[in-house]
Every structure is written in structure tokens, then in C-alpha cells.
Amino acid sequence: MTLRAENISLHLSGFDLLRDVTVQVEAGKVTAIVGPNGAGKSSLLRVLTGELAPTKGLVSFNQRDLNDWPVEQRAQMLAVLPQHSLLNFPFTAHEVVALGRIPHQTGTLKDADIIDQALKLVDAEYLQKRFYTQMSGGEKQRVQLARVLAQVWLPCEEGEQILVLDEPTAAFDLAHQQLTLEIVRQLAEKGVGVVMVLHDLNLAARCADKLVVFDGGLVAAQGTPEEVLTEQLIDQVFGVKAMISRHPVTNKPLVIT
Amino acid sequence: MRRMPSAWLIAILAILMPVVAFYSMTVGTVSISIAEAFSAAVDSLFSGEDTVGQTQVILFDIRLPRILLALLVGAILASTGAVMQGLFRNPLADPSLIGVSGGASVGASLMIVLAGGAVESGLLMGLSLVALGAFVGGFAATILVYRLATSGMGTSVTTMLLAGIAIGALAGALNSLLSYFADNDMLRQISLWQMGNLSAANWAKVSIMALVSLLLFISFPRDSRALNALLLGESEARHLGIDVQRVKRRLIVLTALGVGVSVALAGMVGFVGLVIPHVIRLLIGPDHRWLIPGSAMAGAILLVVADSLARVVVLPAELPTGILTALLGAPFFIVLLLQQRREV
């Protein structure tokens, strides 16, 4: 029970964005949040990361109320990759990733090493000296991914670590989508809890230990991909007739539309 | 555009700054050669105060405080400009955006119009009523802008920009109104003040400015990583462990203080706060750990050079310094922009 949102409701400017949602993100597991546009996926992430205070309910993180953690300690355990970045200053890739080390006091040498490794991991080594403002969308997003990876690179003494990703694969080509999911799996094996919003159900099924399906601010279903992905649910939530098959190699559910 | 190693730039500026400052000692209506200036400096250091000649008076009571004031004001305007551009994530921001210049100019004009006679006699050991009015006006305007933009959710940078523009427009109107009611003499004073002028420098002003600068330059380094994180966006900075609201409040108060005092003591010296950080960023990149000190040093140099020229271009008269900063800085900035455009 590393990061847990309990009976969360979120009411913002006259709209019910979340209604009585209970979701749990465990260390060492990958949790994928799926659902149609406007179902409340991003709102949930914003509540889970403390950006929005829920109207009702509690968010607890490592046995404490999320807001009881001092900001700096929280940043050592919780890294967040937003969907879009506002950065429009000409930092180099190396400098952007270095920002991920701000919460840690590990020293310049150690940090430089982590930054290099993180850039290499996301296949952005060649961008090291390039300016962020001159990169393509996918390159930018990979550099941002390296930044949040650098933030949770080393285990933290204070508690379990969580990485939150909002549509990490949206700007990526096929190869980099795969790469991202591999990185996420590796990270989970190292003991980090990963929670991410994904749109591609097949990617989610392949990578996640747990799926949470959102619909209209409510949790429509949650469980393993095998339990959750049924033809009936996809019709009910997305309004799409689909067939569920099995992936010939991984044997994970495969949604065919 | 290829970057220059930050340490080089700092080293070059660190060498250039004393050279420019020393050379500036020799420049003015009375021209004093470098050798004369040097021997006068040695004399006054070793022979006590008995031999105070005309040269010494010019050098140490007129030029030296003026040069020091120029260095400090330039450093403050340029470094607070860098801070504001980072905080607003906008390379076109400058300290005037938070209302401080507009408020200061209303305060100064008000004092000139209300206390016309007293202003000229120079009360309060050179720290005239005008300076006081400018400082109070600038600080009050900043607090107003900040209040307008702050709600339970924190301070919205966008609202603050808009509020700054609104307060700036209001200040402009009040200023015109005051000018309308002013007589010829006051009008001339108002417009001279708005051009920015360092000619009234004295040791009291230098001391005040030095104290304020000390406070700012001790405080800025600890927020420079926070400013780097803020360039990603406010919520990203929060996720990196930055107490965004506190950093914002601290930097805005420091900027209001620094710019308020600068404007109060030296009038409206435009351009330095906007262009210097921009130029330094083009040269070494946006890392505030280098950008802030680099901007401070470059701002100091620009203002000393501008002020030296202001003393000699229309001999035997003097030009207001503010005119020269723009005349010098703008072409340089345009060249840089053109160069950048060619390389992108």
C-alpha cells in the first residue's frame, strides 16, 4: 500500500470529475489507468500527486497523509512526468535531466553519472548537448522521461518510490513505445511503483500488472488485464465492439477492433 | 548558437569590470589621465587628508561614488531582470512588469509636484523626497500586483503579468495627470528623472545601494536551482521538491526592494533589466546559477560604460544615463538576434 487514494471525490467548478474512487498503487508493480477522454484519468493523477486537493477522501503515501510529507522528501520518492511540458528555454538535454536530481544531495559526480545513464536508457544520448527548444516532440518527451527516471534512480531511505506518467508514449514512435514499456517494467523490478495513463489497451495489457478502467469519473473495473479486458466492458466503456484474443507470444489479452 | 563555457564568461566579465570602472575614473568634463588618477589614488591613500586637491575631490567625491552607484544599479537591474524572466518563464519579462517602475515613477512625480521647492534644496542627506516617493510608490505597486494575482490556489503568474500591465497603465495615466498639473520647472524635473540619471551620486546613496545589493546577492544563489526547476512549469517544480509559493514570494519581494531602491536613487534606467539577461542567456544558456551572476556583472559594466559616455558625449553638458543604456544596448541586442536567426 504505497500510494493509496481512498474514496476520493473531486468537484471542480461545478463538475464532478471523480466520484468515490479508491485506487492503490503498489511498489514494484505497474498500474495502468485507461478510459475514454474526459473520464477522469488525469484528474486522478493530479489528486494522487497532490496537485489537486480532493473534495472528499484521503490520499496516503508511505503510511502518511500525502500532504504531511515535506515537499523535498516527497520529491525524493515521487516523480511525475506530465503530458506536456512548458519548457521553452534553451537548456541542453543534459541540463534538463539534471533538474531531476534537484531533490537529492548526491554530489555532482554521482549526478553526472546518473544523468548519462538515464539519457542512454531512453535512447537520447545523442541529444546530450542539443538544445531542448530545437528537439522534436518525441525527443523532448524522451528527455523529460529521462529526467523523472533520474529523480527515482536510486532507492530512497524514507520510503517506497512511485513514478507517475501521464500518457508517456503519446509522442513516441513504435520503437520508443516499446522501449518505454521495457523501462517501466525494469523500474518495477527494481521496486519502484509505476502508475501511468495509457490510451492503447494492448500496450497497457502487455505492460501492466493492474489495470484501472475509468468511465465518467468512476472506476468501471480494476484488476489484472485478464480480468478486466472483456468484450462487454470495452463495449460498455468505450462504445466499441471488440474481440478479445490472446497474444501469440506473451499470452496477454489482445484487443482487436 | 554555440554556447560559451560559463566560467569563461564570468572570468572575462570579472576582468573587464574593474578595468572599465578604473578607466571611467579618468573620463569626464575635467579629463584626468590614467597616470594622474593613479598617483592621486596613491597620494590620498598614503599621505592622509591634508593634501586634498581638486583632482582628489573630482575623483573621490564625484566620480568614484558615481561609478560605484552605476556598478551597483546595473548589477541589480540586470540580475533582477534575470530572476523575473525565470519566474515568469518569459524571456521578455523585466522588473517593470511587476509594476515596480510604474509605481516608482508615480511616487517620484507626486513628490516633485507636491514638494517642488523642497526637492531642489535636497533634504535628508541627499536621499531626497523624490527617492523616498519613488521607493514607496514602487514597493506599493508591486504589493498591489502581487495581491491581485494571489488567491487561495497560490500566485498565478499569468494574472500577475496582466495585473502588472494594468497597474502600469494606471501609473502611466497618473503620471500624465501629474505632469499636466506641473509647472515648467517640475515638468523638466519629472522628465529628467524618468530618463535616469546617476549624476547626483554621493556616498550615502552608494552605501544604501551597497547594503541592498549585498542582501540580494546573498539571497539569489540559494534560489537559482529553484528558478531552473521553475522553467519546467510550476507543478513540475513542486514535484522536484521546490516550495514554489515561498520562492515566488521571496524573489518578488527582493526584486521590488532592489529595483525600488535603484529607481529611487538613479531614476528610470531602462533596458538593462530586459536585455542584459537575454544576452547572457544567449551566450551561456539559461542555468540561473551562472545567469544571475553573469547578468549582474554585465549589467554593471554596461551601466558604467553608458554613464562614462553620458559624461562626455555632449561636453561640457551631460546626458541622462538612461538614454545611453538604450543607445548602446539596443544595437548590440539586434546584432545578437540577427546572428541567432541566421543559425537557427
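Model, not experiment: these values are computed from the prediction.

Student: Where do I start with the overall build of chain A in this structure?
Tutor: Helices and strands together make up the secondary structure of chain A, namely nine helices and 12 strands. Here chain A has a C-alpha radius of gyration of 18 Å; the compact-globule value for 257 residues is 18 Å, and the two agree. Principal-axis analysis of the C-alpha atoms gives chain A an extent of 55 × 45 × 35 Å. Scored against the burial criterion, the 257 residues of chain A give a buried share of 47%.

Student: Looking at this model, I keep getting lost on the confidence of the model for chain B. Mind explaining?
Tutor: Close inspection of predicted coordinates is inappropriate for parts of the model with low pLDDT. For chain B, the average pLDDT comes to 84, and 91% of its residues sit at 70 or higher. Taken together, the chains of this predicted complex give a pTM of 0.88 and an interface ipTM of 0.91.

Student: Explain the interface of chain A and chain B here, please?
Tutor: Often, the extent of an interface is quoted as the loss of accessible area on bringing the components together. Contacts between chain A and chain B engage 20 residues on the former and 18 residues on the latter. At the level of secondary structure, the elements contributing two or more residues to the side of chain A that touches chain B comprise α2 (71–77), β6 (78–81) and α3 (93–99) of chain A.

Student: Looking at this model, I keep getting lost on the nonpolar core. Mind explaining?
Tutor: As a rule of thumb, soluble globular proteins bury nonpolar side chains together. Counting 180 residues, the largest nonpolar core has A118 and A146 of chain A together with V73 of chain B as its most contacted members. The element contributing the most residues to this core is helix α3 (residues 54–87) of chain B, with 16 residues. Here A118 of chain A is in contact with V97, A146, L149, A150 and W153 of chain A, once residues within four sequence places are set aside.

Student: It is not clear to me how helix α12 (residues 272–284) of chain B should be interpreted in this structure. Could you clarify?
Tutor: Think of an α-helix as turning once every 3.6 residues; residues three or four places apart then point the same way. All names here are of chain B. Between its first and last C-alpha atoms α12 spans 18 Å; for 13 residues at 1.5 Å apiece the expected length is 18 Å, and the two agree. Among the residues of α12, those classed as buried are V272, G273, L274, V275, I276, P277, H278, V279, I280, R281 and I284. Phi for G285, located one or two positions after α12, is positive at around 95 degrees.

Student: Is there a simple way to think about the packing of α3 of chain B against helix α13 (residues 288–312) of chain B in this case?
Tutor: Think of two packed helices as two axes; the pair is described by the angle between the axes and how far apart they sit. Residues and elements named next belong to chain B. Their axes nearest at 7 Å, the elements α3 and α13 cross at an angle of 140 degrees. On the basis of the axis angle, α3 is oblique to α13. For the pair α3 and α13, the crossing hand works out as right-handed. Grouping the amino acids of the contact of α3 with α13 by side-chain chemistry returns 18 nonpolar, seven polar and two charged.

Student: I would appreciate a short explanation of the sheet that holds strand β3 (residues 30–34) of chain A in the present structure.
Tutor: Note: strands within a sheet are paired through backbone hydrogen bonds, in either parallel or antiparallel orientation. Residues and elements named next belong to chain A. Read across the open sheet, the six strands follow the order β6-β7-β8-β3-β9-β10; overall the sheet is mixed. A strand with exactly one partner marks an edge of an open sheet, and here the two such strands are β6 and β10 (218–223). Geometrically, the sheet is characterised by an average inter-axis angle of 15 degrees between neighbouring strands, direction not taken into account. Pairing geometry for β3 and strand β9 (residues 210–215), over four bridges, is parallel. Of the residues in β9, the one forming a bridge with T31 is K210. Packed on one face of the sheet, helix α5 (residues 137–151) meets β6 and β7 (162–166) and runs near 175 degrees to β6.

Student: What am I meant to see in the sheet that holds strand β2 (residues 15–25) of chain A here?
Tutor: All names here are of chain A. Strand order in the open sheet formed by four strands is β2-β1-β4-β5, with antiparallel pairing between adjacent strands. The open sheet has two edge strands with one neighbour each: β2 and β5 (64–65). With five bridges connecting them, strand β1 (residues 3–12) and strand β4 (residues 56–61) associate as antiparallel partners. Counted as the bridge partner of E6 is L58 from β4.

Student: Would you mind showing me how to read unusual backbone geometry here?
Tutor: For residues other than glycine, phi is negative in most cases, and the peptide bonds are mostly trans. Residue and element names in this part refer to chain A. Its identity as a non-glycine residue notwithstanding, D123 has a phi of 60 degrees, on the positive side. Its identity as a non-glycine residue notwithstanding, E167 has a phi of 45 degrees, on the positive side. Here E167 lies in the loop between β7 and α6 (174–189). In this structure E167 comes out as buried when scored by C-beta crowding, with 21 C-beta atoms within 10 Å.

Student: Any chance you could explain the packing of helix α1 (residues 6–25) of chain B against α13 of chain B here in plain terms?
Tutor: Residue and element names in this part refer to chain B. One way to put it is that α1 packs onto α13 with a least axis distance of 9 Å and a crossing angle of 25 degrees. Taken together, α1 and α13 sit at an angle that is classed as roughly parallel. Of the two elements, α1 crosses α13, and the hand of that crossing is left-handed. Contact with α1, carried on its side by S6, L9, I10, L13, A14, L16, M17, V20, A21 and S24, involves W290, P293, G294, M297, A298, A300, I301, V304, V305 and S308 of α13 and no other residues of that element.

Student: Which parts of the structure should I look at to understand the pairing of strand β11 (residues 243–246) of chain A?
Tutor: Looking along a regular strand, one sees side chains alternate from face to face of the sheet. Residues and elements named next belong to chain A. Pairing between β11 and strand β12 (residues 253–256): four bridges, direction antiparallel. Opposite I244, over in β12, you have V255 as the bridge partner. Hairpin connection between β11 and β12: a loop of six residues separates the two successive antiparallel strands, and N251 in this loop has a positive phi of roughly 65 degrees.

Student: I tried to follow the pairing of β2 of chain A on my own but got confused; where do I start?
Tutor: Two strands pair when backbone bridges link them, and β1 of chain A and β2 of chain A are joined in this way by seven bridges, in the antiparallel orientation. Residue pairing for β2 of chain A: H11 of chain A is matched across the bridge by D16 of chain A.

Student: So what exactly am I meant to see when it comes to the environment of V255 of chain A here?
Tutor: Residues and elements named next belong to chain A. Here V255 is to be found in strand β12. Taking the number of C-beta atoms within 10 Å as the measure of exposure, V255 has 19 and is therefore partly exposed. V255 has contacts with L201, N202, L229, I234, A242 and I244, leaving out every residue within four places of it along the chain.

What counts, and where the lines are drawn
Residues numbered from 1 in each chain as written. Chains lettered and ligands numbered in written order. Predicted model: local features only at pLDDT ≥ 70, side-chain atom pairs only at ≥ 80, totals over all residues. Helix = DSSP H or I, 4+ residues; strand = E, 2+ residues; numbered from the N terminus. Rg over C-alpha atoms; globule rule 2.2 N^0.38 Å. Buried ≥ 20, exposed ≤ 12 C-beta atoms within 10 Å, placed from the backbone. pLDDT = per-residue confidence, 0-100. Contact = placed C-beta atoms within 7 Å. Core = buried A, V, L, I, M, F, W, Y, C linked by C-beta atoms within 7 Å. Expected span 1.5 Å × (residues − 1). Axes fitted to C-alpha atoms, helices over the stretch in contact; angles between N-to-C directions. Parallel < 35°, antiparallel > 145°, perpendicular 65-115°, else oblique. Left-handed = near helix turned anticlockwise from the far one by under 90°. Nonpolar A, V, L, I, M, F, W, Y, C, P; charged D, E, K, R; others polar. Pairing = 2+ DSSP bridges.

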